[in-house]
Every structure is written in C-alpha cells, then in structure tokens.
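Close look at the chain arrangement
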Amino acid sequence: MEKENTRPVDRQDAYGKITGKARYVDDLKYPGMLYVHTVRCPYPHARILNIDGSEALALPGVVKVLTAKDIIGRNHLPNDKPVLVAEVAKCAGDGVAAVVAETRALAVKAAKLVKVDYEELPAVFTPEEALAPGAQPVHGDSNCAITHKTVKGDIKIGFAKADVIIEREYSTQRAMHSALEPDGALVVPEADGITVYCPGKGPFNVKRAVAAACGLSENRVRLIQPAIGGAFGGKDCDINVIASRAAMAAMITGRPCKMTWSREEVLIEGSKRHPFKLKYKIGAKKDGRITAIEINGLADVGAYITKSKATIWRATVEATGPYNIEHVSTTITGAYTNNVYSDAVRGFGSPQVDFASESLMNELARELDMDPLEIRRINAYREGSVTATSQKLRSVNLIECLDKLEEVFPYHAKSCSTAPENSAPAQLENDAAVSGKISLRPGKVRGRGISCIFRGEANGAGVTTLDAAAVNMHIERDGSITVLTGIAEMGQGGSNIVLQMVSKVLGVSVENMKVSPLDTAYLPDSGATVGSRGTITTGNAAVVAAEDARKRIAEVIAEEWGGKPETLIFRDNNIFTEDGNKKISFQDAITICYTRIPGVFGYGWWSLPPVWWDFDKNCGDTYASFNYGACGAEVEIDLTSGKVDIIDLVAIHDVGKILNEPEVKGQIAGGASMALGFAMTEEVEIRKGQVKTLNFDGYLLPTTLDFNNFRPVPLEAKQPGTNPLGVKGIGESSTATLAPAVVNAIENALGVRIRNLPVDLEKVFAAIQEGERIGTIAGVTSSPMNHGARAETPDPQQYGKGGKA
C-alpha cells in the first residue's frame, strides 16, 4: 500500500465513547429483565453434598435458584471450566448455583442465603506440589495438564563445546487483564431461540459455547456485540460461562436475564495470566557465541485447562529468545492446581519466557564481561536462520531493530541523575532486617537496560483451526458503503484498518463508509481477535472484498463507456479512464450499476499460509511469519525508598507495512503500558487457593504519571511475503519487550539481579540493601561498555543546586 495510508483516520467508535453515547452491556435494559448472581464455593477443593435454595426462594422477588441439574445441554468440555459445578468444585470461587431475581441487589442478597453442604478435599497449590508423587489429582489421575518440548541438535555436545556455562532460575507472577469494563451478558429469549448481548473477543466462540450449554443448534443463538470496555486477552472463557449462565436463566424463566460481574467477582472467579517458573542452563564460547541451551519450565494452569495448551506451546516455541543456537532442549509443563484458572492474557505466554531469556542474556554478558548489545548482535537471528523448532526464517528484521535501538536510545552514554535533596544519611526501619535498622546513603542512581524479542504471528500451529477471516460489503444506492466483518473491535482500531483498505481499493473516502455492528446473524465468522491476527487476516480479506466490488462496478462502467474494466481508475470519489477523458463520480456510477445489475456488493475471504507441528518429533514450521522488537529503558532509583522512576523508555517494533501510524503507535504504547505493570507492580495474590487481591486498591496499575517518557517506534523493514498487505501484528509483541529491559536497567543501577516479577518496592529495596552489603552501590560508575550505563547522583555543585545534566 502507498504511504498515504499512514495518515490519521478518525475512529468511527470514538464519538460514542467520548460523549457517553456508546452503550455497553450493563447499559442495556429490557422490560421484565431479571438479574442473575452466582453462588460460589468458598473452598479450593470440595465435593458438593447438597444445595438448598429454599431460604433464598422465600424472599419476595426471587424467581429461581439454578444448579447444574438445570443445565439443558453440555456443562463443560473435559477438564474445562463448567457453567456450574455439578459435583466437585476445583477452586475457590467456582460457581455452584445461580440466583435469579427481580433486582441485582436482591439477587446478591439471596445468593448469601443459599445453603451448600460441602465435603472439603485435599488440595494442591503449586505446580511442584501438584506433580509430586502421591499428590491429590485435580482431574483424573494426574495433575500434568500438558507438556510441550522442542529439541534441536544435542545439548551434551553443545555444552561440551562451551567455555562458560551458567544456570539461572526466573519466575513470573499471576496477573489479570484489568479491563475497565467487567464481564457481563444479557440474554433475551425469542420465539425460535435466544439473543445474547455481550462483549467478547471471539463472538462466534461465545455463540457456540452458549448453544452447547443450552442444548440449541447454533443457528438458534444470535449474538449482538455492544461496545467493549477493553479485553486485553480476556472476555474469553469467562464470558462464555457468564453468557451461558444468563442464557440458562432466560430459557427457564422465559424473561430477559442479565449477569454482570463486579470487580471483586472478576478477581475471585475470572481467569489470570499463567505464573511461570523457568530454569535456564546456557553455554557459550568466550567470544559470546551460544553453544547450547537447556530450559525447563513449570506453569500453573490452575483448576481448568482452557487455553493453557496453546499458551504453553507458544512459550515453548519462543523460550530460547531470538537467537541462533545449534543445540536446544526445552521442556515446559503445565500443572493443574486448585488455584483460580489461568487463561489467555495479552501476550499469551510470550512475556513470561521473554523476561527470562532476556534477563539470562544480560547475565551471560556479565559472566563473559561483554557488552549486552554486542552479545545479542553476535547471536541474533538473521535471514535464513533456523529456530529451535527447525523452522527456516524469512523476513527477519531483528538486526534492524537493534540498529534502530542503538540509534535512538543512548545505551552507552554516561548517565546523570538529579541531585540528592539532603546530604544526611537516611535512617530507615526495616522489619525484615535482623539488626532491626539499617542506614542507607541518600541519593538516587540510574541505569539503562535493553532487550529484544521475536514472536510468532497470529494463531500458529498450536491452534488447529484454519486462520482465516471474511469481509462482506454492500454499496447502497446513494454510494455509501456498509462493511461487515466478524472480527471484534475491542479498541485496537481493527475496524479502521478495514475501512482504509476498502477506501484504497475503491478510491472512496472513509467518511462515506460505516462498519456494521457485530451481529452473528448476518456477519461472517472471522475468528477471534487474538494472536495479533486482526489486521493480517481481516485487512487482507477487506482488500479481496473491495476488489470484488470494484470488479462489478468496473464491468458496468466499462460497458457504458465502451472500454476495458481493468483500465479504469478509482480515486478521489471518482472513476475515470487512464487518459482522463471520461470521468464519473462514484455515486453516479453506483446509480448506473443499479440499473444494470441486481446489487453492488463484494465478498472477501483470506487465510494465512498453512503451518504445521510434529508432536512426536517436537519440531515444525510454527508460524507463517514472525515479528521482532527491541526495547531500551533508563530508570532512576531512590535509594531511600526503593521507588523506581522511568526516565526514558523506547520500544522498536517490526510491523511490516505501516498502514496507520497513529494507530500502530497507540498499539505499541498500550502493550508497553500493560507490560510496565507486569514488570513492576501488578500481582494477584493467592494464599492456599484463596484470592486475596479483591479490587484495584490492592492491584497496582501504572498510570500516566508512571508512563510519561515513552517513545514508540514502529519500524518498516523487510515485509513478510506471507500476506499481500505486507503487514505484521503488534498488539501482543508490544507486551513482551519491556519487562526484561526495565529489570536489566535496575540491575545496572544497583549491581544486583532481581529474577522474580514483579520488581516491586520491596524487591528493589532488598536489592538496594544487597547492593550496599556487597559494595555495588559505592559511588563508582560501572563501565558503560560492560553492562549498561550506571551512575550515582552527581555532585549538586556540578550543575548548580537542583540542576540536571
């Protein structure tokens, strides 16, 4: 596409959102509507002995108390989350009954009156505990949910060639999506089925789940998607369950039924990001070339399988990082536990392994006394490189990302920071210190860190369904255009891209078009908005659809003018011949078309090239293409409090062809802001299977004050030959680069490595203590060429009082 497509295009959904006119699911109301609230199991593992809803039903206005016995169709797939638990609850927060009442407050009140008798069962809370011999099984007779491997070469040979071998362990935490809008659904019974109103990243997936739970054929379930208040990988399995509970209530009562979760319910029952524990062993020559890597990982699947197989597969494929390594062995196992279940979260397994592999590269550089940027260059993927899965790479832009990073981020420059506010030593109480008190030298230090990644595009071979999308379009008699696509618009700007593609092909302004509301009754199934696949699949399908419509129009006008259809030019809301002698407005052309043909429309369908995976040999062509990225972070750390401020943050991402620069920069910034929380503040605390983080007051999200020094840099380099538009996805890779860059910067500031996320105040403060104990915070600036620039607070007299460099 031509450069003109990078111009800003107004978002069609923006006006409704900024004026409050957009209607979200909880804004919707129907006459006679009932409210549904879930009764949840308080125990992490328990058998249901009896459910008594009589006291709840005695309240005026309570209509029904539903249990698993009321489910007409399928309750759940094997080892997956049920609509309502029938016999054994697998985690605290599992839904065991649903109260249906005239008001939401009454439903909540009545749910507390439902009496459930339980038999508590033994429970397991960590993957290690779950996989130990004799552990209580969560499902079946084994807690091993899935194991994925990659094998390349022979690691024994590789380690024998190494001059240096290091082993490290890393861990990542349980985090949540944190969409502003909690999950919810409204279901209206119809004469021949039901209509479901709910937000979700996979509307047709929700439709299928509800149909299965209600015992209906899929053509009797219609889903209409209202405005979505964010998803970030969520509104997936959770929304399936919510919509199914509301649908069950609507079918039984014959009245519209709504269920919307509170924030506490989202935290207690909703899915979370997989916590990982990763053990790395890496060998290298003295010149920095990696000879072998061995990776063993454990992931906490939680109580149900959901998307864990695909998430852990992706993590296994990408665990080595973007590096040429001849000898590789990776094994990552997901274990069932009696914790809240893990599911898809933006990044889908990449952020966990990228944090570990990029932390490891800095540790290897330190061991070899090498520059971290240089060791990455030495081992980086290049055109024709072969991955750990034996896939030969094309359109590799990693070196270009590193070049751009070095150009825009002053990684090797000497750092300066603000002057200390006072010169007296701070005396801080430290409850964890054996001595009771420690003395910290006042001031601040700075450090810089970098990282780089590669990430597979779209669904990949870990998902067996065809990765395709469809777009339909209809041109009205007045020349205005209605575009129909089944991809969910969750704020990422996917609808805008579709309109831009139609605009380019037909030469019609975007203002003359409208994307139809998402309604499964007449829209084509285009899969879910996942895996950064939206622009790749739907954008290309939109081009096919527009070309189909253009062909119909061109044939009519060419016949009218006595020319050839393929020579006509569509531009600036007009159609004209190559020599410019004949010209007609697009609207007038459509008027003529309606006198010659029954309608003016276009249909487009497009799929990614096939990929494959051999589960026996643990190898394959995993993704049709990959994108690449690099990140640089400079942090300033207050040695008194442990507070970390982001001074500079730049993220370079290989995006293929840039179609809309403001949108792609927004995607990079959004992913990076989510990654900052993953790196530094966000964690859902669970103790003995009980979720202890119950609202945003205990779940610390970054704000604009934490993220005001960010520079997104979309990079146009070699475009993938796997799709005609030459585009790459960006929504998820932007979540993966930041955490290791920030943590590497913190190490370069303090001289102490933190290997467990999040790097919160407590961990940083402990690192400061350790740095003072071992002498890495002693007023001596480390060599910037070795491990990233680090500098103490300068003498305030050097720049004047309170001055900066």
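Residues numbered from 1 in each chain as written. Predicted model: local features only at pLDDT ≥ 70, side-chain atom pairs only at ≥ 80, totals over all residues. Heavy atoms only, no water.

The next point concerns a nonpolar patch on the surface. Taken together, the side chains of Leu-466, Tyr-603 and Trp-605 make up a nonpolar region of the molecular surface, amounting to roughly 350 Å² of accessible area. The class of Leu-466 is exposed, set by a relative accessible area of 59%. (Patch = residues over 30% accessible without salt bridge, like charges linked within 9 Å, V, L, I, M, F, W, Y side chains within 5 Å. Areas by Shrake-Rupley, 256 points an atom, 1.4 Å probe, with all protein chains shown as cover. Salt bridge = Lys/Arg side-chain N within 4 Å of Asp/Glu carboxyl O. Buried < 20%, exposed > 50% of the residue type's maximum accessible area, 1.4 Å probe, protein only.)

Domain assignment breaks the protein chain into domain 1 (33-121 + 183-260), domain 2 (398-419 + 442-454 + 626-798) and domain 3 (468-607). The distance between the C-alpha centroids of domain 1 and domain 2 comes to 41 Å. Summed over both sides, the interface of domain 1 with domain 2 buries roughly 280 Å², with 54% coming from carbon and sulfur. Counting every contact that joins domain 1 to domain 2 gives zero salt bridges. (Domains from an automatic or database assignment. Buried area = accessible area lost by both parts, 1.4 Å probe.)

With 14 residues, helix α18 (residues 761-774) extends 20 Å from end C-alpha to end C-alpha; this agrees with the ideal 20 Å at 1.5 Å per step. Along α18, the residues that are buried comprise Val-764, Phe-765, Ala-767, Ile-768 and Gly-771. The arc that holds the buried residues of α18, viewed along the axis, is 155°, so those residues lie on one side. For α18, the exposed residues set more than 90 degrees away from the buried face come down to Glu-762 and Arg-773. (Helix = DSSP H or I, 4+ residues; strand = E, 2+ residues; numbered from the N terminus. Expected span 1.5 Å × (residues − 1). Arc of directions from axis to C-beta.)

Enumeration over the complete set of coordinates arrives at 13 aromatic pairs. On the basis of an interplanar angle of 50° and a centroid distance of 5.6 Å, the ring pair of Trp-313 and Tyr-623 is categorised as tilted. Taken as a pair, Trp-313 in helix α9 (residues 308-318) and Tyr-623 in the loop between β25 (601-607) and β26 (626-638) lie far apart in primary sequence, 310 residues in all. As far as the burial class goes, Trp-313 and Tyr-623 line up, both buried. (Phe/Tyr/Trp six-rings, centres within 6.5 Å; stacked < 30°, edge-to-face > 60°.)

Counting buried residues along strand β10 (residues 193-197), five of its five residues qualify, which places the element largely inside the surrounding structure. Where strand β9 (residues 184-190) and β10 come together, five bridges link them in antiparallel fashion. From the neighbouring strand, Glu-190 faces β10, where its bridge partner is Gly-193. Examined bridge by bridge, β10 and strand β11 (residues 221-224) share four bridges and lie parallel to one another. By the bridge assignment for β11, Thr-195 is matched with Arg-222. (Pairing = 2+ DSSP bridges.)

Now for the side chain of Thr-333. Secondary-structure assignment places Thr-333 in strand β15 (residues 327-336). In contact with Thr-333, not counting residues within four places along its chain, are Leu-131, Cys-144, Ile-146, Thr-147, Gly-297, Leu-298 and Ala-299. (Contact = heavy atoms within 4.5 Å.)

For the coordinates displayed, the defined rule picks out 51 salt bridges. Ionic pairing is found between Lys-17 and Asp-13, a salt bridge with its closest N-O pair at 3.1 Å. Of the residues examined, Lys-17 reaches a relative accessible area of 31% and is grouped as partly exposed. What you see here is one network of salt bridges that share partners, running through Arg-40, Lys-81, Asp-94, Arg-245, Glu-265 and Glu-269.

Moving on, we get to the environment of Asp-548. Checked against the element boundaries, Asp-548 lands in helix α14 (residues 534-561). Along the primary structure Asp-548 and Gly-604 are separated by 56 residues, whereas in three dimensions their C-alpha atoms are 7.3 Å apart. When sequence neighbours within four positions are dropped, the list of residues in contact with Asp-548 reads Phe-601, Gly-602 and Tyr-603. A polar contact is formed between the side chain of Asp-548 and the side chain of Arg-552, at a distance of 3.0 Å. (Polar contact = N/O pair within 3.5 Å; in protein donor to acceptor, adjacent residues only side chain to side chain.)

Neither face of strand β12 (residues 257-260) is exposed, since Cys-257 and Met-259 on one face and Lys-258 and Thr-260 on the opposite face are all buried. Direction of pairing for strand β1 (residues 34-40) relative to β12: parallel, over a ladder of two bridges. Bridging across to β12, Tyr-35 finds its partner in Lys-258. When β9 meets β12, the two strands line up antiparallel, connected through four bridges. Paired with Ala-185 across the bridge in β12 is Met-259.

Counting residues in hydrophobic clusters, the biggest one holds 107 residues, and the most contacted among them are Tyr-280, Tyr-628, Ile-637, Leu-738, Ile-746 and Leu-750. With residues up to four places along the chain from it excluded, the contact list for Ile-637 reads Gly-443, Lys-444, Val-445, Gly-642, Lys-643, Val-644, Ile-746, Ala-749, Leu-750, Val-764 and Ile-768. (Core = buried A, V, L, I, M, F, W, Y, C linked by side-chain atoms within 4.5 Å.)

Right, let's talk about the sheet that holds strand β8 (residues 164-171) for a bit. Taking strand neighbours across the sheet as the criterion, the five strands line up as β7-β15-β14-β13-β8 in an open arrangement whose pairing is mixed. Whereas interior strands pair on both sides, the edge strands pair on one side only; in this sheet they are β7 (144-152) and β8. Averaged over all neighbouring strand pairs, the angle between strand axes comes to 5°, with direction disregarded. The sheet contact formed by β8 and strand β13 (residues 276-284) spans eight bridges and is antiparallel. Bridging from a neighbouring strand, Ile-165 pairs with Gly-283 of β13. (Axes fitted to C-alpha atoms, helices over the stretch in contact; angles between N-to-C directions.)

Our focus in this paragraph is the packing of α14 against helix α15 (residues 586-596). For the pair α14 and α15, interaxial distance at closest approach is 9 Å and the crossing angle is 85°. As judged from the angle between their axes, α14 and α15 are roughly perpendicular. Mapping the contact onto sequence places Ile-553, Val-556, Ile-557 and Glu-560 in α14 and Phe-586, Ala-589, Ile-590, Ile-592, Cys-593 and Arg-596 in α15. Partitioned by chemical class, the residues of the contact of α14 with α15 number eight nonpolar, no polar and two charged. (Parallel < 35°, antiparallel > 145°, perpendicular 65-115°, else oblique. Nonpolar A, V, L, I, M, F, W, Y, C, P; charged D, E, K, R; others polar.)

Next up on the list: the packing of helix α10 (residues 350-368) against helix α11 (residues 372-379). Between α10 and α11, the least distance of the axes is 9 Å, while the angle of their chain directions is 110°. Put simply, α10 runs roughly perpendicular to α11. Contacts from Glu-358, Met-361, Asn-362, Leu-364, Ala-365 and Leu-368 in α10 reach Pro-372, Ile-375, Arg-376 and Asn-379 in α11. Tallied by class, the residues present in the contact of α10 with α11 amount to six nonpolar, two polar and two charged.

Next up on the list: α15. Every buried residue of α15 is listed here: Phe-586, Ala-589, Ile-590, Ile-592, Cys-593 and Tyr-594. If you follow the buried residues of α15, they end up packed against β19 (468-475), β20 (481-485), α13 (494-506), α14, β23 (574-576) and β24 (583-585).

Here we take up the state of the cysteines. Going through the model one piece at a time under the given rule, you end up with zero disulfides. Cys-237 carries a free sulfur, and the closest cysteine sulfur to it, the one in Cys-91, is 11 Å from it. Cysteine Cys-257 remains unbridged, with the sulfur of Cys-214 as its closest cysteine sulfur at 11 Å. (Disulfide = S-S within 2.5 Å.)

In this section: unusual backbone geometry. Cis geometry marks the peptide bond from Leu-757 to Pro-758; its omega dihedral reads 0°. Along the chain, the position of Pro-758 falls in the loop between α17 (738-750) and α18. Here Asn-79, not a glycine, exhibits a phi torsion of approximately 65°, which is positive. Relative to the helices and strands, Asn-79 resides in the loop between β3 (62-66) and β4 (88-89). Positive phi values are uncommon outside glycine, yet Phe-348 reaches one of about 55°. Tracing the chain through its elements places Phe-348 in the loop between β15 and α10.

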